[in-house]
Amino acid sequence: EIREIGFPWSKELYIREKQIVGGTLECSIYALKHGVSLNVAGGTHHAHFNKGSGFCILNDIAVATNTLLKKNKIKKALIVDLDVHQGDGTAKLFENKKQVFTFSMHGKKNYPLHKQKSDLDIELDDKTNDLEYLYLLNISLEDILNQFMPDIVFYQCGVDILSTDEL
């Protein structure tokens, strides 16, 4: 389990994960009131229902989304995941939930080896240039937003899509 998560287990790690989840939930409530919010520690998209993975233990966006749905704060959520790694945990957690649309643009040959099925996956070749990337993103987002019409959008940006990042 520790090898799959990537961190040694500790009380501090557990507290950190709870704070990330709580922060994303607070940010989502704030965003509904004020239009936008940001949790720089969030984005633990590899965490699954029954296991942590890839430096992610609890899936903060999934917890926030499910909480908002359960409390009737929203009817539909869009999760846009642009990390170079597919948000496999998020895709799996929402694979049969019609109120949530999962969209992931990620490296075809990157982690995780076994991808899950998002509502829309765009797998990119290594060295995809900015023009192609932005074109695919723009047409995909426009189509999703017009057809799905979410009440909230969660954006998992990652930090590893820049051309200067070795991943």
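Preceding this section is the structure that the text describes.
Quick caveat, the model's predicted, so the values are computed rather than measured. (Residues numbered from 1 in each chain as written. Predicted model: local features only at pLDDT ≥ 70, side-chain atom pairs only at ≥ 80, totals over all residues. Heavy atoms only, no water.)

J.: Residue-level account of a nonpolar patch on the surface, with values.
T.: A cluster of nonpolar side chains, Ile2, Trp9, Tyr14 and Ile15, forms an exposed patch at the surface whose accessible area comes to about 420 Å². Relative accessible area serves as the criterion here: at 38%, Ile15 is assigned to the partly exposed category. (Patch = residues over 30% accessible without salt bridge, like charges linked within 9 Å, V, L, I, M, F, W, Y side chains within 5 Å. Areas by Shrake-Rupley, 256 points an atom, 1.4 Å probe, with all protein chains shown as cover. Salt bridge = Lys/Arg side-chain N within 4 Å of Asp/Glu carboxyl O. Buried < 20%, exposed > 50% of the residue type's maximum accessible area, 1.4 Å probe, protein only.)

J.: Run through the sheet that holds strand β4 (residues 152–156), naming residues and quoting values.
T.: Spatially, 4 strands are ordered β3-β2-β1-β4 in an open sheet, and the strand pairing comes out parallel. Each of the sheet's edge strands pairs with one partner strand only, and the pair in question is β3 (120–124) and β4. Sheet twist, expressed as the mean angle between neighbouring strand axes with direction ignored, is 10°. In the sheet, strand β1 (residues 77–81) pairs with strand β2 (residues 100–107) via 5 bridges, with the strands oriented parallel. Bridging across to β2, Val80 finds its partner in Phe103. Along the sheet, helix α3 (residues 60–70) contacts β1, β2 and β4; its crossing angle with β4, the most-contacted strand, is approximately 175°. (Pairing = 2+ DSSP bridges. Helix = DSSP H or I, 4+ residues; strand = E, 2+ residues; numbered from the N terminus. Axes fitted to C-alpha atoms, helices over the stretch in contact; angles between N-to-C directions. Contact = heavy atoms within 4.5 Å.)

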